[in-house]
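Chain by chain, the residues:
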Amino acid sequence: MTRMFGQPIPRVEDDRMVRGHGGYLDDLGHDALACAFVRSPHAHAEIVDIDVTGALDVDGLVAIYTYEDLPDRLADPLPLLIPHPALTEGRTQYALARERVNHVGEPVVMVVAQDRYVAEDAAERILVSYRSLPAVVGIEAARAATQLVHPDVPGNIAANMLQTVGDVDAALAAAPHILELDLSIERSASTPMEGRGVLARWDPESHRLRLWSSTQTSTGVRAAVASKLGLALVDVDVITPDVGGGFGVKIMHPWPEEVLVPWAARQLGRPVKFVEDRREHFISSAHERAQLHHVRVGFDRDGVILGLDVRFWHDHGAYIPYGIIVPMITSTQLLGPYKPGAYRVEFDSLYTNTLIVTPYRGAGRPQGVFVMERTMDAIAATLDLDRTVVRERNFIQPDEMPYDHGLLFQDDRPLIYDSGDYPTLLDKLKKLVGWDEFEAFREAARAEGRRVGIGLGCYVEGTGVGPYEGAHVVVEPSGKVKVATGLTTQGQGHQTVFAQIVADELGVPLSDIEVVTGDTRRFGYAVGTFASRAAVMSGSAIALAARAARAKALKVAADALEANPDDLDIVDGIVRVAGVPGAEISLGTLAVLANPLRYAFDDAAKAATQFAVGDTSKPPVGEDDEPGIEGRDYFSPMQSTFASGMHAVVVETDPDTAEIKILRYCVVHDCGPLINPRIVEGQIHGGVAQGVGGALYERMAYDEAGQLQNASFMDFLMPYVSEVPERIEIDHLETPSPLNPLGIKGAGEAGVIPGAAAFASAIEDAEGITITAMPISPSELFELRRRHEERSSP
Ligand code: MCN
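Residues numbered from 1 in each chain as written. Predicted model: local features only at pLDDT ≥ 70, side-chain atom pairs only at ≥ 80, totals over all residues. Heavy atoms only, no water.

1. Focus on the overall build of the protein
Reasoning step 1: Along the protein, the regular secondary structure elements total 20 helices and 29 strands.
Reasoning step 2: Taken over the C-alpha trace, the protein has a radius of gyration of 28 Å; the compact-globule value for 794 residues is 28 Å, and the two agree within 12%.
Reasoning step 3: Principal-axis analysis of the C-alpha atoms gives the protein an extent of 105 × 70 × 50 Å.
Reasoning step 4: Residues classed as buried in the protein amount to 61% of the 794 residues present. (Helix = DSSP H or I, 4+ residues; strand = E, 2+ residues; numbered from the N terminus. Rg over C-alpha atoms; globule rule 2.2 N^0.38 Å. Buried < 20%, exposed > 50% of the residue type's maximum accessible area, 1.4 Å probe, protein only.)

2. Brief notes about the domain arrangement of the protein
Reasoning step 1: When cut into domains, the protein gives domain 1 (14–133 + 190–284), domain 2 (291–465 + 638–792) and domain 3 (469–635).
Reasoning step 2: Computed from C-alpha coordinates alone, the two centres of domain 1 and domain 3 are separated by 40 Å.
Reasoning step 3: Contact with domain 1, which involves 16 residues of that partner, is made by 15 residues of domain 3.
Reasoning step 4: When the two sides are added together, the surface that domain 1 and domain 3 hide from each other amounts to roughly 1,200 Å², 49% of it contributed by carbon and sulfur. (Domains from an automatic or database assignment. Contact = heavy atoms within 4.5 Å. Buried area = accessible area lost by both parts, 1.4 Å probe.)

3. Describing the sheet that holds strand β26 (residues 641–653)
Reasoning step 1: With mixed pairing, the 4 strands of this open sheet are ordered in space as β18-β26-β27-β28. In this open sheet, the two edge strands, each paired with only one partner strand, are β18 (451–463) and β28 (728–732). Along the sheet, successive strands turn relative to each other by an average axial angle of 15°, direction set aside.
Reasoning step 2: Running at roughly 145° to strand β27 (residues 660–670), helix α11 (residues 422–433) makes contact with β18, β26, β27 and β28 of the sheet.
Reasoning step 3: Its contacts with the sheet put helix α19 (residues 755–767) on β18, β26 and β27, and the angle it makes with β18 is roughly 160°. (Pairing = 2+ DSSP bridges. Axes fitted to C-alpha atoms, helices over the stretch in contact; angles between N-to-C directions.)

4. So, helix α14 (residues 534–561)
Reasoning step 1: Compared with the 40 Å implied by 1.5 Å per residue over 28 residues, the 38 Å span of α14 between its first and last C-alpha is a close match.
Reasoning step 2: The buried fraction of α14 amounts to 21 of the 28 residues, a majority that puts the element mostly inside the structure.
Reasoning step 3: Directly beyond the C-terminal end of α14, a positive phi value near 50° is found at Glu562. (Expected span 1.5 Å × (residues − 1).)

5. Remarks on the site of the ligand
Reasoning step 1: In the region of the ligand, 31 residues are neighbours, and Gly246, Gln492, His494, Gln683 and Ala747 sit closest.
Reasoning step 2: Taking 840 Å² as the accessible area of the ligand by itself, protein coverage stands at 96%.
Reasoning step 3: Here the shell around the ligand takes 3 residues from helix α18 (residues 677–697), the largest share from any one element.
Reasoning step 4: Broken down by class, the residue content of the shell around the ligand amounts to 14 nonpolar, 13 polar and 4 charged. (Near = heavy atom within 4 Å. Areas by Shrake-Rupley, 256 points an atom, 1.4 Å probe, with all protein chains shown as cover. Nonpolar A, V, L, I, M, F, W, Y, C, P; charged D, E, K, R; others polar.)

6. A few points about the sheet that holds strand β19 (residues 469–475)
Reasoning step 1: As summarised here, the arrangement of the 4 strands in space is β21-β20-β19-β25, forming an open sheet in which the pairing is mixed. In this open sheet, the two strands that pair with only one neighbour each are β21 (513–517) and β25 (630–635). Across the sheet, the mean angle separating the axes of adjacent strands is 15° when strand polarity is ignored.
Reasoning step 2: Contacts between α14 and the sheet are confined to β19, β20 (481–485) and β25, with β25 contributing the most and set at about 150° to the helix.

7. Observations concerning the pairing of β20
Reasoning step 1: For β20, the buried fraction is high: 4 of the 5 residues fall into the buried class.
Reasoning step 2: Judged from the 5 bridges that link them, β19 and β20 form a sheet pairing that is antiparallel. Bridge pairing links Val474 to Lys482 in β20.
Reasoning step 3: Linking two consecutive strands that pair antiparallel, namely β19 and β20, is a turn of 5 residues; a positive phi of about 90° is found at Gly479 within it.
Reasoning step 4: Sheet topology note: the β20/β21 ladder contains 5 bridges and is parallel. The residue of β21 that forms the bridge with Thr485 is Thr517.
Reasoning step 5: Handedness of the crossover joining β20 and β21 through helix α13 (residues 494–506) is recorded here as right-handed. (Right-handed = clockwise from strand over helix to strand, strands pointing away.)

Here is the structure:
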C-alpha cells in the first residue's frame, strides 16, 4: 500500500462543499424560534431604564429578556477563561448588560420571536435610556487614564507582566550601538465568511439539551453551557456543523448568545436559534492586533544583538474573557529565530471602550515579528549591512537545539525550541526569491522609472499547545473505520489528513475511513482548534488510537487464524499471515468476531474463520478481551513544538499614487514532516492572504466616541482575489519535532505571521522611508513621502 502520509491528495471534504452541500449553522433549525438583540449604541454609558412595553404587542413575539430575568449562575459575569497571576484586574461582561455598557454592540436585551424579522421589529420598539459617559478609545487614551473604563480598575490596566533574562541595563550600557524604535500595529479581525451562531433544542422528557454551535471548541461550549444552566455534562450535546471559517474568533466561549439561547430554549420548551449578521460580527464578536511598542536595542559592530528591551501596550477592549494570551505570545514569540542577548519585556494590557480582543490567526505573533524584524532592518541600516547578514549573525544555530530562552511561554511552561534550522531556511528563501540578484533588478526597474523594493520577515511559532487531545478509532463490521476526535474543523482539511494517518497506521484504504470532529456525542473530551494544534495534538492522538486498534485487530486475528501476531500484517483492510497463502481475514470480519452478539448473526464471519477453528458456535477470541476492534488514546505533550518560516516580498510602489503592488511573494516553511503538502500549501495561501490584509488594508476605524466607522464589508477593506498575489512561491524544510510520534509541527497560522513585517521591510526598501506603523495605505505612504521630503528639503 502506498504510504498516505506525505501525499498531496485532494481534500475529501471539498466535493461536498463546492457542490453546495455543506451544512452550516443557518441551514439548520428551520422550526426554531429566532433571536435578535438590542445592543448598546454607546461605547460607554449607564443604563437608566429599559422600557419594553412598545414591543409587547408585536405579532409573533415570544419573549423578551433583560438582565433582571436571568437566574442564578446566568446572572453572574461570564467566565474568565484563562486566568494568570499577572492578570490582577480581570473583568468580564454579563450575558446581558447590567447597569453599564462598555462598548458599542454589547447585548442589553434579548428578543425571541417566531422569526428574525419579527424579532428585529420588536427589538426596534424597545427603548433603552442611557446616561452616556466619556469613552476611552485607543491605547493612548487608555494610558492617559483621564477616564476609566471600569471605575475600580486604576490606570485602565488589567495586567502588567514583566519577563527578564540577563542584565539588560548593563548590556545596553556596554553596547557600542543603541537604537530606539516606536512601532505600532492596528486592530483587525478574523472576519470569517459565516459569523457566530447557535441553535438549541431542549428535550423536556429526557431533560437533555442539544446544541449546534459555530464554534472552534464544542467541548468548551458544552462545559460552559452545562455550568451556566446547572446541567450535567452528559446531558448536553454540542455538535459543530460546517462553520464557514473561524480564524480564532470562534474559540471564545461562551459568548453571551451561546448561553442565552439554550437557556431560552429550555425556558420556552421550543428550539431557539441565533445567527449573527455581519454588522453584529464587527461590533459584538472580537478583534485583535492593536499594540504600541517601544524598543531599545544594543548591538555590536557586527550587528549582533547584546541587549533587547521591549515595552509594549496592548489594547484589550472592554473585557478580558480570554486572559492575556495574546500579549504573552507577543512578548515571547517576538524573539523569533534570534538570540537577543539580555532580554527584558514588559507589557500592560489595557481596557478601552471598544470590542474585546481574543486571538485572531497568528495571535500576537504578527505584532511581535513586526517589532523584531523592524529592529533587524534598523540595525542593518545603521551598520550599512545586508539585512539577511544581520539576521544570520543573530540566529540560534541548529546545534544549539533544544534552545531554552529562559522565559515562560503562553502555556506557562519554559520557552524551549525543540528543533529547527534557521540558517538553512534563510538560504532557501534567498535562493527562492533571488535575494542576491535583486540589486540588478532594482537598477533595471529604476531605469524604467519604477520603484521596487524587497523585504523579508522571519518567525518562529509555538504550535500544538497542550494540554491534550484524544481520539477514538473503531472498525465496523462493514470494514469501514470510524474516527472521532473532539476538536473542531473550520476548513483545515482535517477529514483528509486524519484519514491519511489512520490509513497508514491501520492498513486500510482512505475511502474506508470517515472522520468526525467537534461532536461531543462522538468524543467528549477535547480542548479545541486554535494555536495550530490539530495536526500535532489530534493527529498524534489519532495515530496512537489507530495503533491500539491495530494491536487489537492483530490479537483477534492471531486467535482466529491460529497464528503468531508477529507474522501478521494488514494491507488494504485484510490481515494476512506471512508465508501462508489464503490465511487471511478482513478487519470487518474481525470486528464481528470481537463482538459476540454480532457474531451470532453473521454466517459470513463464521465461514471466514471455519478453516482455522472448526467449531464456529462461538467467536474464537479470548474471553477476557474487551469487545470490538477499537482504540482510544490521548496525546498530552510536555510542551509546544516550534515551527518556523521566512517570507520575502517584492513590491512596486507607484511614484505618483503611492499604490503598493505585490510583484512576488515567497515563503519557506518548516512544520516538520508534511502530512499533506497540498493542504499545508493551501493553509499558507490563506494565511498570506490575511497577511496582505493586515499589512495593506485592514483596520478597525473607531472614532473618538468609540463608534466603529467601518463595520461592513463596504468599508472594511479585505483583500479580494485581485489584491492577493496570483502566485505564492513556496519551499519547505522538514526538521522533525522530537516531541510527538509523527514529528510534526503546526502550519495553520504560519502564512499570516510575518506579513506586516515583510511588507514594511519591502516598502521601506522601495521608498527609503522608515516604516514604523502597519497597516499602510497608499494615502499614508503618500503622507510619509510628503513629510520625508519636507524634512530633507533644505
Ligand atoms: N498539516 C499537515 N502537515 C503538518 C502540519 C499541518 O498536513 N506538518 C495540516 C493539518 O493536518 C491541517 C492543516 O495542515 O489539516 C493545519 O494544521 P494545524 O497547523 O494543526 O492547524 P489546525 O488544524 O489546528 O488549525 C488551526 C489554525 C488556526 S489557529 C487558525 S486561526 C486557522 C487555521 O488553522 N483558521 C482557519 N486555518 C484555517 N483555515 C481555514 N480554512 N479556516 C479557518 O478558520
